[in-house]
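If you want the building blocks of each chain, they are given just below.
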Amino acid sequence: MTSSTLFSPLSLGPYTLSHRVVMAPLTRMRAAAGNVPNDLAPEYYSQRATPGGLIIAEATQVTPYGQGYPSTPGIHSDEQVAGWKKVTEAVHARGGFIFLQLWHVGRASHTSFQPNGVLPVAPSAIAITGQQSLTPGWKPVPYETPRALGLNEIPDIIEAYRHGARLALAAGFDGVEVHGANGYLLEQFLHSRSNQRTDIYGGSVENRARLLLEVTEAVSEVWGANRVGVRLSPFGTYNDVGDEDPIGLYSYVLSRLDRLNIAYISLIEARIGNSMEISAPSAVDELRPLWPRPLILAGGFTGELAEEAILSRRADAIAFGRQFIANPDLPARIKLGAPLTPYDRSTFYGGGAAGYVDYPKLPSGKP
């Protein structure tokens, strides 16, 4: 695959990527006290950095109220900025680019994470069903019914993203990605299943898309739109979301994001566990014609399928997740056709070095 388009340059905002194998944002739940990236994080990210390659760092809460899982990193304190600086410096030393994914989980949280034990917030007071939350002590508990955000509180949410974007800039990142997928706060506002508001943030497609667009505009004011991406999962149902007209909704969302001149969209194909949702349409097949800018596609790709997607122009780059966990030199392995190390799912979340920084690379970069 040495001459494949998967390994041709790609312009992404002000940057030129040397290849199109992107490391997807991967929640690992290994942050230290204060939700600061732990001492192994610079090694973990630098192992996976390549000259001209793009890493999207793990979802990172922009406010203490935005946390929903144990030991996830934040980007709302000076200590967190200092921790992330070590990561960005390590990636840049390898010649790589790194964006930070900005996150607020909304109702996908629990009072045990919330300052002063308040209820998590959401567009509407509708609980997640069919899944369980975790406490900071990793105890599974039912999701609570969240508190619907007051109209007067929404500017504070936007400001939290703006502040997180400023701190990401101070931490040395090359850009940021707004997390508008996977059933977290911004997608909770987008989807009709989780948004039953009757004010200017609910009801019509235009109203439900308002918060995502306002957050993206705020972040773009900090970074410049050409260093901002947005991640979407149009047909996903994780965290009990869903929309009655996803094509209509996301056609509008893409048209408005296009006007903002952002760097890229990242689309996640719908999944259940390890399998694609058979009944779900392909997000990229439905929506690619509406998006003229760089598009990063994610969803269980192999090297061969990634190459097909690039050749067919369904995508401009492919984000890999689980395979990047187990193969820190994934781009080299794909390029050389070398075997991939299998991942150990039991070490995905929490823990220390095992399953984090101890996966092997190819000797001398050879299969």
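This text follows the structure it describes.
Below: a short report on this structure. (Residues numbered from 1 in each chain as written. Predicted model: local features only at pLDDT ≥ 70, side-chain atom pairs only at ≥ 80, totals over all residues. Heavy atoms only, no water.)

1. A look at empty space enclosed by the protein
Thinking step 1. Summed over all chains, the structure comprises two cavities of 30 Å³ or more.
Thinking step 2. Of the volumes computed, that of the largest cavity is approximately 50 Å³.
Thinking step 3. Arg-28, Arg-30, Ala-31, Pro-37, Asn-38, Ala-41, Glu-58, Ser-71, Pro-73 and Tyr-356 together form the lining of the largest cavity.
Thinking step 4. The class makeup of the residues in the lining of the largest cavity is five nonpolar, two polar and three charged.
Thinking step 5. A volume near 40 Å³ is recorded for the second largest cavity.
Thinking step 6. Around the second largest cavity, the lining residues are His-19, Val-21, Arg-48, Ala-49, Thr-50, Gly-53, Leu-54, Ile-55, Phe-97, Phe-324 and Pro-331. (1 Å grid on protein atoms, 1.4 Å probe; cavity = no way out; pocket = protein on both sides within 12 Å on 5 of 7 lines; lining within 4 Å. Points joined across faces, edges and corners; volume = space filled by probe spheres on them. Nonpolar A, V, L, I, M, F, W, Y, C, P; charged D, E, K, R; others polar.)

2. Observations concerning unusual backbone geometry
Peptide bonds are trans in most cases, and residues, glycine excluded, mostly fall at negative phi.
Thinking step 1. Here the phi dihedral of Asn-116 falls at roughly 65°; this positive angle occurs in a residue that is not glycine.
Thinking step 2. Inspection of the secondary structure assignment puts Asn-116 in the loop between strand S5 (97-103) and strand S6 (121-122).
Thinking step 3. Using a relative accessible area of 75% as the deciding quantity, one classes Asn-116 as exposed.
Thinking step 4. Its identity is not glycine, yet Arg-313 carries a phi of approximately 65°, on the positive side.
Thinking step 5. Examined against the element boundaries, Arg-313 turns out to sit in the loop between helix H9 (303-311) and strand S16 (317-320).
Thinking step 6. Using a relative accessible area of 64% as the deciding quantity, one classes Arg-313 as exposed. (Helix = DSSP H or I, 4+ residues; strand = E, 2+ residues; numbered from the N terminus. Buried < 20%, exposed > 50% of the residue type's maximum accessible area, 1.4 Å probe, protein only.)

3. Overview of helix H2 (residues 78-93)
For the α-helix, the turn length of 3.6 residues means that residues three or four positions removed from each other point alike.
Thinking step 1. With 16 residues, H2 extends 22 Å between its outermost C-alpha atoms, agreeing within 8% with the 22 Å of an ideal straight helix rising 1.5 Å per residue.
Thinking step 2. Among all positions in H2, only Gln-80, Val-81, Gly-83, Trp-84, Val-87, Thr-88, Ala-90 and Val-91 are buried.
Thinking step 3. Residues of H2 that are buried make contact with helix H1 (41-47), strand S4 (54-61), S5 and helix H3 (154-170).
Thinking step 4. Gly-95, located one to two residues past H2, shows a positive phi value of around 85°. (Expected span 1.5 Å × (residues − 1). Contact = heavy atoms within 4.5 Å.)

4. Quick look at the layout of surface pockets
Where empty space is left becomes clear once a probe the size of a water molecule has been rolled over the atoms.
Thinking step 1. Of the pockets and cavities examined, the second largest pocket occupies roughly 220 Å³.
Thinking step 2. What lines the second largest pocket is Thr-63, Tyr-65, His-104, Val-118, Leu-119, Val-121, Arg-147, Leu-149, Glu-153, Asp-156, Ile-157 and Ala-160.
Thinking step 3. Counting residues per element, the lining of the second largest pocket draws most heavily on H3, which supplies three residues.

5. Describing H9
Thinking step 1. Within the span of H9, buried status applies to Gly-303, Ala-306, Glu-307, Ala-309 and Ile-310. In an axial view of H9, the angular spread of the buried residues amounts to 160°, which keeps them on one side of the axis. Facing away from the buried surface of H9 by more than 90 degrees, the exposed residues are Glu-304, Glu-308 and Leu-311.
Thinking step 2. The inward-facing, buried residues of H9 abut S16 and helix H11 (330-336). (Arc of directions from axis to C-beta.)

6. Considering the pairing of strand S12 (residues 264-268)
Thinking step 1. Extensive coverage of S12 is indicated by the burial of five of its five residues.
Thinking step 2. Residues Tyr-264, Ser-266 and Ile-268 of S12 are buried on one face, and the alternating residues Ile-265 and Leu-267, pointing to the opposite face, are buried as well.
Thinking step 3. Bridge count for strand S11 (residues 228-232) against S12 is four bridges, and the pairing is parallel. The residue of S12 that forms the bridge with Leu-232 is Leu-267.
Thinking step 4. Taking the sense of rotation as the criterion, the β-α-β connection linking S11, helix H7 (residues 246-260) and S12 turns out right-handed.
Thinking step 5. Sheet topology places S12 next to strand S15 (residues 295-298); four bridges connect them, and they run parallel. Across the sheet, Leu-267 pairs through a bridge with Leu-297, a residue of S15. (Pairing = 2+ DSSP bridges. Right-handed = clockwise from strand over helix to strand, strands pointing away.)

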